[in-house]
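This is what each chain is made of:
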Amino acid sequence: MELERHDYDVVVVGAGGAGLRAAIEAHESGARTAVVCKSLLGKAHTVMAEGGIAAAMANLYPEDNWRVHFRDTMRGGKMLNHWRMAQLHAQEAPDRVRELEDWGALFDRTPDGLISQRDFGGHRYARLAHVGDRTGLELIRTLQQRTVALGIDVYMECTVTRLLTDDDGVTGAFGYWRESGRFLAWRAPSVVLATGGIGKSYKVTSNSWEYTGDGHSLALQAGATLVNMEFVQFHPTGMVWPPSVRGILVTESVRGDGGILKNSAGNRFMFDYIPDFFRKETAETQDEADRWYEDKKNNRRPPELLPRDEVARAINSEVKAGRGTPHGGVFLDIASRRSAEYIRKRLPSMYHQFRELAEVDITAEAMEVGPTCHYVMGGVEVDPDSEAARVPGLFAAGEVAGGMHGSNRLGGNSLSDLLVFGRRAGAAAAAHALGHRDRAELPEDALADAARAALAPFDREGGENPYTVQHDLQQTMHDLVGIIRNATEMEQALERIAVLRERVANLSVEGHRQYNPGWHLALDLPHMLVVGECIARAALERQESRGGHTRDDFPATDAGWARTNLVCSLAADGSVALTRQPLPVMPAELAEIFEESP
Amino acid sequence: MTYDATFRVWRGDASGGDLQTYTVEVNEGEVVLDVVHRLQATQAGDLAVRWNCKAGKCGSCSAEINGRPRLMCMTRMSTFGEAETVTVTPLRTFPVIRDLVTDVSFNYEQAARIPAFAPQARDADGNHRMQQVDVERSQEFRKCIECWLCQDTCHVIRDHEGNKAAFSGPRFLIRLAELDMHPLDVTDRRDAAQDEFGLGYCNITKCCSEVCPEGIHLTDNGIIPLKERVVDRRFDPLTFLGSTIGRRPKD
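Procedures and definitions
Residues numbered from 1 in each chain as written. Chains lettered and ligands numbered in written order. Predicted model: local features only at pLDDT ≥ 70, side-chain atom pairs only at ≥ 80, totals over all residues. Contact = placed C-beta atoms within 7 Å. Helix = DSSP H or I, 4+ residues; strand = E, 2+ residues; numbered from the N terminus. Nonpolar A, V, L, I, M, F, W, Y, C, P; charged D, E, K, R; others polar. Buried ≥ 20, exposed ≤ 12 C-beta atoms within 10 Å, placed from the backbone. Pairing = 2+ DSSP bridges. Domains from an automatic or database assignment. Axes fitted to C-alpha atoms, helices over the stretch in contact; angles between N-to-C directions.

Attention now goes to the interface of chain A and chain B. Contacts between chain A and chain B engage 47 residues on the former and 48 residues on the latter. Examining the composition of the side of chain A that touches chain B, we find that 6 residues originate from one element, helix H4 (residues 135–150) of chain A, more than from any other. Of the residues that constitute the side of chain A that touches chain B, the class distribution is 20 nonpolar, 14 polar and 13 charged.

In structure tokens form, the structure reads like this:
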């Protein structure tokens, strides 16, 4: 069939932090590399990351090292993280930050001229390399400029709809140009998925339209597996008012820099929600908490800086108990605790965001905040060292990969995750490709089938409006598989998803193929649906509460589930199959880190 | 709070198009992008528009709203009267692809031409050391979200298509300024700024600074200092003498 065709060693799908870091590494390893991304270059969701990059560089606290970071990460994930990923991440993050400086990044500095580091939830020491509260922009711009300088091919506004495989593994990918609607295929022995997350399946989310779970779904269809899909992170602080901005992120840096949470009665309620698991390392009094910002040796962390799952649940409980703000959130107050000058300097984009979108001056009044769907811990099951999925030639890095964050991700660990595992995936993908120089021909029938499937919504008349179906899916996930879950609701969700599946098979779109957002959404919806089903099935199966998975019918953690992962795969009939898999056993020399005092 | 607004949106493609009028619901606190999304979901499923973060951080949803270059996600409906017609058109400086989406590849071509960042060596302990006050000058320009509103508004290329061959636009002049002020960078781009990126075309009317959603002082803090540095190099008598002697033929 007639379509644009390209040959590469490595095709990277996604141009956020992980995708660009993978592409840079693959290119520098000698592989002919292409990056394919749904938006313009530099617009990926990484740009929205605010707080910083977690790395135990010890620029402010010499006591910090990779072992402490590893420990914080594992405990933040309630020990469900793949130990090897958490280890590599903690060990390699500092070098990944330093090399960004060699590519032009300009982080905020310490008085000694080193990279400054800021406090964040769940991190024992000030650890996040940052640029004000726009660290993600700095990261993406640095990697983007490096990618351009190296001359790597970038396919902008181009969507991959299928991975192509044969008996030996990956052979390439098929997609369309958003601008023209024309099809293209890449022949490549290695594909790196770096497509980010799934937040657009939820109604209230900090995520952009791109977060439709493409990579999760493409991996499943190619025969790979997903792990930990029941764990979805609701960031404790999203905007709640006005309604149109509901869900937009309010950075954890507000709390890292001294902000506190209060309910409508003015109480600093987080002291009532300190779980036993973190009691030894959390301040008991407001005085101790306030002293901690200046003296970390003799004081413990404020409860506002507990891991995100704990804080999100606490806010949810306060609102449910009737102690919320007029618009159904809680108050996040930094105005009464830090000078206006300090706030504008440390949190310029928060200042700007609230002033422009909510007419709130955060240097003078408290913000109203509430939980928002932010991040999926679950993702493609990969080998920790190479990021290889179960399908030869398929790799995954960043949010689309699973295992690194266990049941809950600590703030700041995402940007470092992108860099550490993006680089590893790029290197492994290049090595795989260089060992497979004989390219398999792409089968014409598979290409024709992919084209037919993509065009189907144009051929149907009088079918469903994709925007309506998306809205109904978002409502279902929000209402029934949200921050607090139970069996009845999740069974109901699965019934609704089955109905939605029939509706997605009956979508029709108006207009033609040139830059048609309705059509693009129609092609994203099947991905969103299968991801929604994975989350619901895994969440129904895990009969306990842990990290980003809270069940009011099973409120406690369970020792059996502490040793078990849930793995999703696609059955022959297209349904989601679930298997239980024992957690990998941590070697003794790492296990002993948890014996050390907090 | 809910009311029906009149929106005029440019619909069409490279071959032509026109403003189409819609009546669409507006709710409290909404921005123009919310209303455009409602149009998509209810009346015009194929209305082409770029957007990503919806929080003023990615610079995707640039358009001209009542003739002024703006981000749709940061333009609140409360800035218009309920009876006021809101007109949304694509960026005029760039060729239309479809509806509100324009071909901004000019900008990516310019970005690829910029001589890349080249750092000095790290200190012996593997770190780079810089003072906060020194990084802040370049940091201001690194706030740029590449929304291309400055490129759109700059009359040098907005009104004179032919200048695009010689003038890369304010975004890339501040990129050059950023690199010039970068404490670690060792490359001299001053000649390139003048000869290859058209620094001299800018007559500092400051329109770019006015439309920048990040509040970057492109002209005052970036372009004018860069012009001064170029002038220093080219017209300082000692530098002139030095470079002339250096160029004397060897034989």
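Residues and elements named next belong to chain A. Counting buried residues along strand S9 (residues 169–177), 8 of its 9 residues qualify, which places the element largely inside the surrounding structure. In terms of strand pairing, strand S8 (residues 158–166) meets S9 through 8 bridges, oriented antiparallel. Looking at the pairing, Arg-162 lines up with Phe-174 of S9. Taken together, S8 and the strand that follows it, S9, pair antiparallel across an intervening segment of 2 residues. Bridge analysis of S9 against strand S10 (residues 183–187) gives 5 bridges, and the strand direction is antiparallel. Bridged to Ala-173 within S10 is Trp-186. Where S9 folds back onto S10 in an antiparallel hairpin, the turn is made up of 5 residues, including Gly-181, whose phi is positive at roughly 80°.

Moving on, we get to the domain arrangement of chain B. Bring the parts together and some accessible area is lost; that lost area is often taken as the interface size. Residue and element names in this part refer to chain B. Under the domain assignment used here, chain B contains domain 1 (3–102) and domain 2 (105–240). Taking only C-alpha atoms, the centre of domain 1 and the centre of domain 2 are 30 Å apart. Contacts between the two partners involve 12 residues from domain 1, matched on the other side by 13 residues from domain 2. Per-class residue counts for the side of domain 1 that touches domain 2 are 6 nonpolar, 4 polar and 2 charged.

Two modes of strand pairing occur in sheets, parallel and antiparallel, and in both the strands are linked by backbone hydrogen bonds. All names here are of chain A. Pairing within the open sheet is mixed, and its 4 strands lie in the order S1-S10-S9-S8. The sheet terminates laterally at strand S1 (4–7) and S8, the two strands that pair on one side only. Pairs of neighbouring strands in the sheet enclose a mean axial angle of 20°, with direction left out of account. In terms of strand pairing, S1 meets S10 through 4 bridges, oriented parallel. Bridging across to S10, His-6 finds its partner in Trp-186. Contacts from helix H13 (residues 444–459) reach S8, S9 and S10, with the element oriented near 145° to S8.

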